[in-house]
Amino acid sequence: MLSRSVASAVSPVSSSSLLPNSKPIFCLKTLSGYRSSSFCGGSFRKINHKPLRMTSSNMTPRAMATQQLENADQLIDSVETFIFDCDGQIWKGDKLIEGVPETLDMLRAKGKRLVFVTNNSTKSRKQYGKKFETLGLNVNEEEIFASSFAAAAYLQSINFPKDKKVYVIGEEGILKELELAGFQYLGGPDDGKRQIELKPGFLMEHEHDVGAVVVGFDRYFNYYKIQYGTLCIRENPGCLFIATNRDAVTHLTDAQEWAGGGSMVGALVGSTQREPLVVGKPSTFMMDYLADKFGIQKSQICMVGDRLDTDILFGQNGGCKTLLVLSGVTSISMLESPENKIQPDFYTSKISDFLSPKAATV
Amino acid sequence: MAPQLLSSRNFKSLFDSVDTFLFDCDGVIWKGEKLIDGVAQTLDLIRSKGKNVVFVTNNSVKSRRQYAEKFRSLGVPSVTQDEIFSSSFAAAMYLKVNNFHKDKKVYVIGGEGILEELQIAGFTGLGGPEDGEKRAQWKSNSLFEHDKSVGAVVVGLDPNINYYKLQYGTLCVRENPGCLFIATNRDAVGHMTDLQEWPGAGCMVAAMCGSTEREPIVVGKPSTFMMDFLLQKFGTETSRMCMVGDRLDTDILFGQNAGCKTLLVLTGVTSESNLLKEGNEIEPDYYTSTVSDMMKLMESP
């Protein structure tokens, strides 16, 4: 049974609560004393806004910039668990990235725990397990934490009543996880076929026992779903608005970017004028969940990812070490740009750099 | 100052101090396809007293011409298209006054109205309602193509919103250098039908903000962009105008930003309790239940 503190990790926090008394998230190397529960939820976007980067006197000076990973062994020895994002470091679309199987095997041989945390909510953990298997990787379903799973786990953690329903604007992964957790759901891809006609006398009905609307990446997005979700949120008392994640773009195929979950969530924010509870990165809900589940200390974890505003921020907020890989969406120039304020502890070109103990050229 | 309920005590001074009444449409003149009671007679009476009447609507689904047609079909033939300032018209005018190059294209996530206004202004529009039928494909080695000559994406109310349009618009804004991101308006919800509220353009615009990580240029209320065109038409000062609307954060704010008097009606999205509750920061000068109250007040001694 998950502790209450995990559930509180997703409460939305307005940007003003990050001012004077709380430690700014841009203080990097040492995040000890920074309570992960004070930063979560959909407001991560507000946190990245310029006004928070002001030069107030209680803003701690910017820590050293990120370092290129030169001694992989040292990093490996200093942690017990590696958390990997999937898109951009394990695979790109349906293509495995070179050197990944050997790297994962090496880490396991050294006794490291491996965990995979992805914001992609289209598949369930079981379906991801199959994807790993198809790509020839030895990964257990229990090691995978997709944001689809996170949504169901969140509802469990707050004892969401089993007699209430969940309306889903998203894909199969979310439906499967809700079903596994024993929740009743409506919506999902099938509602992508529903049409509405805006004419006099037409009233769209909605179920009054929907107690939560879960929104994630949805390729079958349409006006029917937006209205259904909006009606539930606005009219069903206490209805929760949960987002699996708010990634602006995602690599559905290896060739280009695609509009991500941030778009669908944005639409519901636009119509309801409410901010969602975010369960995916950079919210630390999944981090707190797995730390609790596996009994691991945050300082013993290294988060490996390719995206600064989700993966690296997730790691920093969670109080663990962070390693950015450049095999995904972030390039070295983006990392080094003066516009970028998120500095991981280390960066390297790809995870198979772990196999060569000395620096790989970036 | 707290909003005053419109009554025989204050109506005459308001009426005499105004030359032009600006009316919002959804929730003020009509709800969906139904004219609100007494509106036709009220508009005629206002005109008969020598006042100008103009319509400023954030709904971009129709063009000015199509709105004039809607007025006519609802029994108000006196309204001509040049008295109508729709956000579809505003989007085209924004591009015009900013010298948008005619060799660049405009991708539209929205209704026919936007496409028509763009065409009248001499611009090439892509997308619009027909993209509601398109589906994206995602396979390894296949690319979602988009026109690299798109120089602006205009987003408005789109009941035919789908992933294809979001992806197309997102690629244009993120990848075409200098591509503008224009929103006709950002209303969260509106009375698209008489019986309930429906998600407004604010929803489609926020979806695009979510994927592009950019904020749009807003041409509709509460932005005062359209006011310049109104002033050109009437040459009167804004202090001699009164904005009549149902929404605080668009209609009333627009009126206030432009220096007009403001009158809220309760036939649309705002109830009296929304208006008077603590925490509401937008206060119109006056409020009344419905537009036809003006007729009763004009007729009373």
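Residues numbered from 1 in each chain as written. Chains lettered and ligands numbered in written order. Predicted model: local features only at pLDDT ≥ 70, side-chain atom pairs only at ≥ 80, totals over all residues. Heavy atoms only, no water.

By the naming in an unreviewed UniProt entry, chain B goes by Phosphoglycolate phosphatase and is assigned to Arabidopsis arenosa. Under the UniProt heading Catalytic activity (unreviewed entry), the entry covering chain B gives this text: "2-phosphoglycolate + H2O = glycolate + phosphate". The UniProt entry for chain B carries the following comment under Function (unreviewed entry): "Photorespiratory enzyme that dephosphorylates the 2-phosphoglycolate produced by the RuBisCO oxygenation reaction." (UniProt positions renumbered as here; feature names shortened; annotations may be inferred.)

The name recorded for chain A in an unreviewed UniProt entry is phosphoglycolate phosphatase, from Arabidopsis lyrata subsp. lyrata. A UniProt comment under Sequence similarities (unreviewed entry) is attached to chain A, and it reads "Belongs to the HAD-like hydrolase superfamily. CbbY/CbbZ/Gph/YieH family." Under Function (unreviewed entry), UniProt gives the following word-for-word description of chain A: "Photorespiratory enzyme that dephosphorylates the 2-phosphoglycolate produced by the RuBisCO oxygenation reaction."

Draft legend 1. Expanded view of the packing of helix H6 (residues 147-157) of chain A against helix H10 (residues 285-294) of chain A. Residue and element names in this part refer to chain A. Direction vectors running N to C along H6 and H10 enclose 70 degrees, while the axes themselves pass 10 Å from each other. Taken as axis vectors, H6 and H10 run roughly perpendicular relative to one another. Contacts between H6 and H10 involve Ser147, Phe149, Ala150, Ala153, Tyr154 and Ser157 on the former and, on the latter, Phe285, Met286 and Tyr289. Here the residues of the contact of H6 with H10 sort into seven nonpolar, two polar and no charged. (Axes fitted to C-alpha atoms, helices over the stretch in contact; angles between N-to-C directions. Helix = DSSP H or I, 4+ residues; strand = E, 2+ residues; numbered from the N terminus. Parallel < 35°, antiparallel > 145°, perpendicular 65-115°, else oblique. Contact = heavy atoms within 4.5 Å. Nonpolar A, V, L, I, M, F, W, Y, C, P; charged D, E, K, R; others polar.)

Draft legend 2. Here's a closer look at the UniProt feature "binding site: substrate" (unreviewed entry) in chain B. All names here are of chain B. In the UniProt entry, the feature "binding site: substrate" (unreviewed entry) is given for Lys221. The topology assignment puts Lys221 in the loop between strand S13 (217-218) and helix H8 (225-234). Assessed through its relative accessible area of 1%, Lys221 is described here as buried. Excluding its chain neighbours within four sequence positions, the residues that come into contact with Lys221 are Asp24, Val56, Thr57, Asn58, Asp187, Met226, Met243, Thr250, Asp251 and Phe254. A polar contact is formed between the side chain of Lys221 and the backbone oxygen of Val56, at a distance of 2.7 Å. (Buried < 20%, exposed > 50% of the residue type's maximum accessible area, 1.4 Å probe, protein only. Polar contact = N/O pair within 3.5 Å; in protein donor to acceptor, adjacent residues only side chain to side chain.)

Draft legend 3. Structural view of the domain arrangement of chain A. Residues and elements named next belong to chain A. Examined at the domain level, chain A breaks down into domain 1 (67-119 + 282-355) and domain 2 (160-278). Taking the mean C-alpha position of each, domain 1 and domain 2 sit 30 Å from one another. With nine residues of domain 1 in contact, the opposing surface of domain 2 contributes nine residues. Of the roughly 800 Å² buried between domain 1 and domain 2, counting both surfaces, carbon and sulfur atoms make up 45%. Among the residues domain 1 hides against domain 2, the three largest losses belong to Lys92, Asn119 and Arg307. Together they make up 49% of the total. At the boundary of domain 1 and domain 2, one finds one salt bridge. Counting across the interface, domain 1 meets domain 2 through three residue pairs in polar contact (both at pLDDT 80 or more). Per-class residue counts for the side of domain 1 that touches domain 2 are one nonpolar, four polar and four charged. (Domains from an automatic or database assignment. Buried area = accessible area lost by both parts, 1.4 Å probe. Salt bridge = Lys/Arg side-chain N within 4 Å of Asp/Glu carboxyl O.)

Draft legend 4. Looking closely at the UniProt feature "binding site: Mg(2+)" (unreviewed entry) in chain A. Residue and element names in this part refer to chain A. The UniProt record annotates "binding site: Mg(2+)" (unreviewed entry) at Asp85, Asp87 and Asp306. For the residues just named, distributed over 222 residues, the greatest C-alpha separation is only 8.2 Å, placing them together at one site. Its place among the elements puts Asp85 in the loop between strand S2 (81-84) and strand S3 (91-92). With a relative accessible area of 6%, Asp85 lands in the buried category. Excluding anything up to four places from it in sequence, Asp85 contacts Ile90, Val117, Thr118, Lys281, Met303, Val304, Gly305, Asp306 and Asp311.

Draft legend 5. Molecular detail of the pattern of salt bridges. Residue and element names in this part refer to chain B. Evaluation of the coordinates by the stated rule reveals 38 salt bridges over all chains. Between Lys105 and Asp147 there is a salt bridge, with the nearest N and O atoms lying 2.9 Å from each other. Taken together, the residues Lys105 in strand S7 (residues 105-109) and Asp147 in the loop between strand S8 (124-127) and strand S9 (150-155) connect sequence positions 42 residues apart. When its relative accessible area of 23% is taken as the criterion, Asp147 is described as partly exposed. We note a salt bridge from Lys165 to Asp158, for which the minimum N-O separation is 2.6 Å.

Draft legend 6. Fine view of the pairing of strand S8 (residues 184-187) of chain A. All names here are of chain A. Pairing of strand S7 (residues 165-169) with S8, which is carried by four bridges, proceeds in the parallel orientation. Each residue of the ladder has a partner; that of Lys165, found in S8, is Gln184. After leaving S7, the chain enters helix H7 (residues 172-180) and then returns to the sheet as S8, a path that is right-handed. (Pairing = 2+ DSSP bridges. Right-handed = clockwise from strand over helix to strand, strands pointing away.)

Draft legend 7. Here's a closer look at the interface of chain B and chain A. The interface is formed by 40 residues belonging to chain B together with 40 residues belonging to chain A. Here chain B packs against chain A, burying approximately 3,400 Å² in sum over the two surfaces, 61% of which is carbon and sulfur. By the criterion of area lost to chain A, the three top residues of chain B are Trp138, Tyr163 and Trp198 of chain B, representing 20% of everything that side buries. Here chain B and chain A share two salt bridges between them. Note that Glu257 of chain A and Arg174 of chain B form a salt bridge whose closest N and O atoms lie 3.4 Å from each other. Linking chain B to chain A there are 11 residue pairs in polar contact (both at pLDDT 80 or more). Those elements that provide at least two residues to the side of chain B that touches chain A are helix H6 (163-175), strand S12 (198-199) and helix H7 (201-212) of chain B. The biggest single contributor to the side of chain B that touches chain A is H7 of chain B, with seven residues. For the side of chain B that touches chain A, the class distribution of residues is 20 nonpolar, 12 polar and eight charged.

Draft legend 8. Structural view of the sheet that holds strand S10 (residues 180-183) of chain B. All names here are of chain B. Spatial strand order, S8-S7-S9-S10-S13: five strands in an open sheet with parallel pairing. Strand pairing shows two members of the sheet lacking a second neighbour, S8 and S13, which therefore form its edges. Two elements, S7 and S9, share five bridges in a ladder whose sense is parallel. Along S9, the bridge assignment pairs Ile109 with Val155. Its contacts with the sheet put H6 on S7, S8, S9 and S10, and the angle it makes with S7 is roughly 145 degrees.

Draft legend 9. How the structure looks around the sheet that holds strand S13 (residues 277-278) of chain A. Residue and element names in this part refer to chain A. Spatially, S8-S7-S9-S10-S13 is the arrangement adopted by the five strands of the open sheet, whose pairing is parallel. The strands lining the two open edges of the sheet, one partner per strand, are S8 and S13. Relative to the sheet, H7 contacts S7, S8 and strand S9 (210-215), its axis offset from that of S7 by approximately 165 degrees. Along the sheet face, helix H8 (residues 223-235) touches S7, S8, S9 and strand S10 (240-243) and points at about 145 degrees away from the line of S7.

Draft legend 10. Spatial organisation of the domain arrangement of chain B. Residue and element names in this part refer to chain B. For chain B, the domain assignment lists domain 1 (4-58 + 222-299) and domain 2 (103-218). Here domain 1 and domain 2 have C-alpha centroids that lie 30 Å from each other. Of the residues lining the interface, 10 residues belong to domain 1; the matching set on domain 2 comes to 12 residues. Buried surface at the junction of domain 1 and domain 2, both sides included, amounts to about 890 Å², of which 47% is carbon and sulfur. In this structure, the connection of domain 1 to domain 2 is made through two salt bridges. Between Lys34 and Asp194 there is a salt bridge; the shortest N-O distance is 3.4 Å.

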